[in-house]
Structure formats: structure tokens, C-alpha cells
Amino acid sequence: MKGTIMNIQKSALAGAVEDLWKKYLLSVTAQDMLLGEVADHLYVEDLDFSTSSDRDLISSYVSIGFGDDIGEAAWAVSHGEVPAPYAELSRFMGEEEIGDRLFDYLVSHIRRHPAGDILDNPYYRQVRVEGKTREGHITLTTNDYLPGELIQTYHEGFRKEDPFAYGEGAFFDSPVVFPVLIENGSVWMSVVLSEIESMKEPLERAAGKVITYGLGLGYYTFMASEKEDVESVTVVELNPHMISLFKKKLLSQFPHKEKVHIIEGDALVYIKKQEDGAFDYGFSDFWAGTEDGLPLYLAFAGACSSFRHTAHDYWIENVFIDAFFRPAVMVYLMEKVLGRKEAPLDQGKKAARILRKFISFLDREPISLKGEEDLYHLLDTETLVTLVRKFAAQS
């Protein structure tokens, strides 16, 4: 049966939804700029790391690294030289204010990190990777960050004042060397700051008999096996070369390698045969990022939906919500409250199809929007995780 949106007071909510739309347009403009420079490996040299004020250091970083980009973006938006809906930001503010707001946004979403934030991690203290080791089409080696090189970090938590953030940036103030797996010439996995941050909560929840899908460099496996309340860590990994490389070079360095059990197999095939309650906790991490991960995450969440005795979490689920589903809810709100049909921003044909289905799914849900707080409740990560997992189970 088609759900009903009850007690929606369009006139009362119109101003709040329009304000959300303005925040959304500013956020995606700034975040596209930020993540574009991450992809281009922005490097700002000759920074004065001795300054006592991080705000001054980061302001200098943004001025040097993004100054031209901000000016060009503010001009393009204010002169209608960008596609819809970005150009609509000029309806809310002029060129100078757009530039100022983009600058402030980037300053608030970039941080300076000391190298110890990553090098003091137990995995780094215990596991060493030296030289290059190749198995099939996979190579285990190291890479590095220079001081002042822009990296992406994990965005965690929904904040009402900044509801549409989906990426954070950072740079280290000294060199950092980190392990990587290279598959067919491209980095498949690396133990970097975003990896450490994004696995913090799933590691806190791991207890008893743990199963994880996806091996990589074994960061999650290592950290889970270190916990006293974790009895065992079973790993399901499809790639035999990955397993061989891990056993030869990494597993021997694990203090609690006796807890680790590796199964060669396809995660999506294995989960359909897995008995509910055979493990106490499960964690999925067999996608490289948001681009390849969205359909895999939804397929796996759907397969796990019948479990009642095995808790399960998904790597970067929060980021899928931030990057895909909260923007889809914004599109939904624009239609339901303001009567405006907006298309989700261009995130690829596959993602667009999924998000159109999700918006149709929302039409069938008994969502009640009576006031501004209801809007923010709908946009909250916890609410959206519940809705998205339900959507996955029905897809």
C-alpha cells in the first residue's frame, strides 16, 4: 500500500526546506572542489608548521591551494556558467559572498595532523612492509605523503548546522610512509588515516566470534584480533593472491594470529549460506570506495536483513548515506514541500538509478513532516541508515 505523508504543512516548512537547499548547494560546490584537489594530489609547500594557530595555518593553506579555484567558482556560479542546480546559489548570495562562504567552508573542513595520529596506531607499531612483493596481479609495497599534501579523511556524524558534508580534508605536518596494495597498477587498499578513522566504531562493536568480508592489508583483522573480548576472526576473501600475500608477509607479524581463520570465497555467495548466530558480529569491507561500493553495500545489506542473532556493520556506510542518500532526501523534500522536481546530482548512471528507486521507496513510507525538527530527523544518519537498510531488504 502506498504510504501517506501526514500533516505536512508546506507553508510552514517551505522556508526551512529552502534554507536546506541553500546549504546543500554551497556544500556540494565546496566539497566537489575539496575532493577534486584530493584527487589531483594538491601539495602546498613551504608552510610554517611552527605557527601556534591551526586556524591561521589552515587559512594560509586554503588561500594558497584553493585561492584561484574559489575565485573561478564564485564567478562561474554568479554568472550562470555552471550547470543546474549549482547556478541557483547565486539566487541566495552575490559573487563576493559566494567566494567568502566557500573559503570559510574549506577552512572548516580541512585539518592539520601530526604524523603520530597515524604512526602511533598499533598496526603501524607492529606490522612492517619493506620493498615490493608481488603475487599474481597484486603488489604489496609502500607509498608516502609529503607534509602539506592534501588527503581525504573520514567524515563522521550528522550535524544540523552542516547537514550535507560528505568529505573532509587534511594534511600532515611531517612525512608519512604507509602500506598499500596495488592491483593492476592502481591502489586497491591502503592503511591511511581515513581507513583508521572509518573502522573505529566497527572495531569497538566487535566481540565474540567475529566474521569480516574482505581481507586487504588485514587492518580490521589485526585490530579485532587484539581485543580480549574477541574469540576469533574469520575472514572471507575472494582473491587467492591476496590471501597468499597476506599469509606470507603480514599474518606472521600479528601477535594473535591464532585467532585468525581465512576462507577463500565470494562474500555475496557465503553470506547467503551463513547461519544466523554462527557469529556474534560481522563486518563487510570488500569494496574500494563509494563508486564501486554502493551496489555491493546494498546487496550485502539486503542479504543480511534476515539476521537476528548476528549484528552486522558495513564499511563507510556513513559515507554512503552522506554522499548518496541524504542528497536524495533533499530532492524528495524539494518536491514534497516546494513542488519542485530536482534530479540528484550527477553521480553516475548506476547511482542515479538506485537513488530514483530510493526516492520512490520513500513515497511508500509513512513519513510524517509536521515541523522543522521532522526535517532534520529525516536527514539524520541514524534515521537514514534504518531506511536504507529497509530499502536494501526490499530491493
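Each remark here, short or long, concerns the structure printed above.
Criteria and cut-off values
Residues numbered from 1 in each chain as written. Predicted model: local features only at pLDDT ≥ 70, side-chain atom pairs only at ≥ 80, totals over all residues. Heavy atoms only, no water. Helix = DSSP H or I, 4+ residues; strand = E, 2+ residues; numbered from the N terminus. Rg over C-alpha atoms; globule rule 2.2 N^0.38 Å. Buried < 20%, exposed > 50% of the residue type's maximum accessible area, 1.4 Å probe, protein only. Contact = heavy atoms within 4.5 Å. Areas by Shrake-Rupley, 256 points an atom, 1.4 Å probe, with all protein chains shown as cover. Lys, Arg positive; Asp, Glu negative; His and termini not counted. Charge placed at Lys NZ, Arg CZ, Asp CG, Glu CD. Pairing = 2+ DSSP bridges. Axes fitted to C-alpha atoms, helices over the stretch in contact; angles between N-to-C directions. Phe/Tyr/Trp six-rings, centres within 6.5 Å; stacked < 30°, edge-to-face > 60°. Lys NZ or Arg CZ within 6 Å of the ring centre and 35° of its normal. Right-handed = clockwise from strand over helix to strand, strands pointing away. Core = buried A, V, L, I, M, F, W, Y, C linked by side-chain atoms within 4.5 Å. Expected span 1.5 Å × (residues − 1). Salt bridge = Lys/Arg side-chain N within 4 Å of Asp/Glu carboxyl O.

Asker: Describe the overall build of the protein, naming the residues involved and giving the relevant values.
Answerer: When you go through the protein residue by residue, the secondary structure sums to 15 helices and twelve strands. Whereas a compact globule of 395 residues would reach a radius of gyration of roughly 21 Å, the protein reaches 22 Å, a difference of no more than 12%. Dimensions of the protein, computed from the C-alpha atoms along their principal axes, are close to 60 × 60 × 35 Å. Taking all 395 residues of the protein together, 52% fall into the buried category. Pairs at least 24 residues apart make up 77% of the contacts formed inside the protein by residues separated by at least 6 positions. Surface accessibility of the protein: about 18,100 Å² in total, with carbon and sulfur atoms responsible for 49%. Seen as two clouds, the 40 positive and the 63 negative side-chain charges of the protein have centres 8 Å apart.

Asker: Explain the sheet that holds strand S9 (residues 230–237) to me, and be specific about the residues and the numbers.
Answerer: For sheets, the rule is that strands pair by backbone hydrogen bonds, running either parallel or antiparallel. Taken in spatial order, the five strands of this open sheet run S10-S9-S8-S11-S12, and their pairing is parallel. With one partner strand each, in any of the chains shown, strand S10 (260–264) and strand S12 (311–314) form the two edges of the open sheet. Recorded for the sheet is a direction-independent mean angle of 20 degrees between the axes of neighbouring strands. Sheet analysis places strand S8 (residues 208–213) next to strand S11 (residues 281–284), joined by four bridges and oriented parallel. Bridging across to S11, Val 210 finds its partner in Tyr 281. Strands S9 and S10 of the sheet are contacted by helix H9 (residues 240–249), whose axis makes an angle of about 155 degrees with S10.

Asker: Explain the packing of aromatic side chains residue by residue, including any values.
Answerer: Counted according to the given criterion, the structure contains 24 aromatic pairs. Here the aromatic rings of Phe 361 and Phe 391 are separated by 5.5 Å at their centres, their planes lie at 55 degrees, and the arrangement is tilted. One end of the pair, Phe 361, is in helix H13 (residues 349–363); the other, Phe 391, is in helix H15 (residues 381–394), with 30 residues separating them in the sequence. Residues Phe 361 and Phe 391 agree in their burial class; the two are buried. A connected cluster of aromatic rings, assembled from ring pairs, spans Tyr 213, Tyr 270, Phe 286, Trp 287, Tyr 297, Phe 300, Tyr 314, Phe 320 and Phe 324. Across the ring face of Tyr 376, the terminal group of Lys 160 is positioned such that the distance to the ring centre comes to 4.8 Å.

Asker: Summarise the pairing of S8; cite the residues concerned and give the values.
Answerer: With five of six residues buried, S8 is to be regarded as a mostly interior element. Read as a crossover between parallel neighbours, the route from S8 over helix H8 (residues 219–225) to S9 is right-handed.

Asker: Give me the lowdown on the nonpolar core, citing residues and values where you can.
Answerer: Judged by nonpolar contacts, the single largest core of 138 residues is most densely connected at Phe 66, Phe 325 and Leu 333. The greatest single-element share of this core, amounting to 14 residues, is contributed by helix H12 (residues 317–338). The contact partners of Phe 66, leaving out residues within four places of it in the chain, are Met 33, Leu 34, Glu 37, Leu 42, Tyr 61, Leu 106, Ile 110 and Leu 150.

Asker: Give a description of helix H11 (residues 290–304) that names residues and reports values.
Answerer: For an α-helix the count is 3.6 residues per turn, leaving residues at separations of three or four pointing the same way. Here H11 contains 15 residues, and its C-alpha end-to-end distance of 20 Å stays within 8% of the 21 Å for a straight helix at 1.5 Å per residue. What H11 keeps buried is the set Gly 293, Leu 294, Tyr 297, Leu 298, Phe 300, Ala 301, Ala 303 and Cys 304.

Asker: So, the environment of Gly 67: which residues are in play, and what are the values?
Answerer: Tracing the sequence through the fold places Gly 67 in helix H2 (residues 54–78). Classification of Gly 67 by relative accessible area gives partly exposed; the value is 31%. In the structure, Gly 67 is positioned 32 residues away from Gly 99 in sequence and 9.3 Å away in space, judged by C-alpha atoms.

Asker: Account for the sheet that holds strand S5 (residues 168–172), with residues named and values stated.
Answerer: One open sheet accounts for three strands, arranged S1-S5-S4; its pairing is mixed. The open sheet terminates on both sides in strands that have one partner only, identified here as strand S1 (110–113) and strand S4 (151–153). On average, each strand axis in the sheet is tilted by 40 degrees relative to the strand beside it, whichever way the strands run. Packed on one face of the sheet, helix H1 (residues 10–39) meets S1, S4 and S5 and runs near 125 degrees to S4.

Asker: Mind laying out H15, listing which residues take part and the relevant values?
Answerer: Along its 14 residues, H15 runs 20 Å from first to last C-alpha, staying within 8% of the 20 Å computed at 1.5 Å per residue. Next to the buried residues of H15 lie H11, H12, H13 and helix H14 (372–379).

Asker: How would you sum up the pattern of salt bridges? Please name residues and give values.
Answerer: Enumeration over the complete set of coordinates arrives at 22 salt bridges. Across the pair Glu 373 and Lys 160 runs a salt bridge, and its minimum N-O distance is 2.7 Å. Here the residue Glu 373 occupies a position in helix H14, and Lys 160 occupies one in the loop between S4 and S5, the gap between them amounting to 213 residues. Judged by relative accessible area, which is 52%, Glu 373 ranks as exposed. On the accessibility criterion, Lys 160 (35% relative accessible area) is partly exposed. For the salt bridge of Asp 313 with Arg 205, the shortest nitrogen-to-oxygen distance reads 2.6 Å. Here Asp 313, found in strand S12, pairs with Arg 205, found in helix H7 (residues 200–205); they are 108 residues apart in sequence, far enough to count as distant. Residues joined by salt bridges that share partners form a network here, namely Glu 18, Glu 88, Arg 91, Arg 340 and Glu 342.

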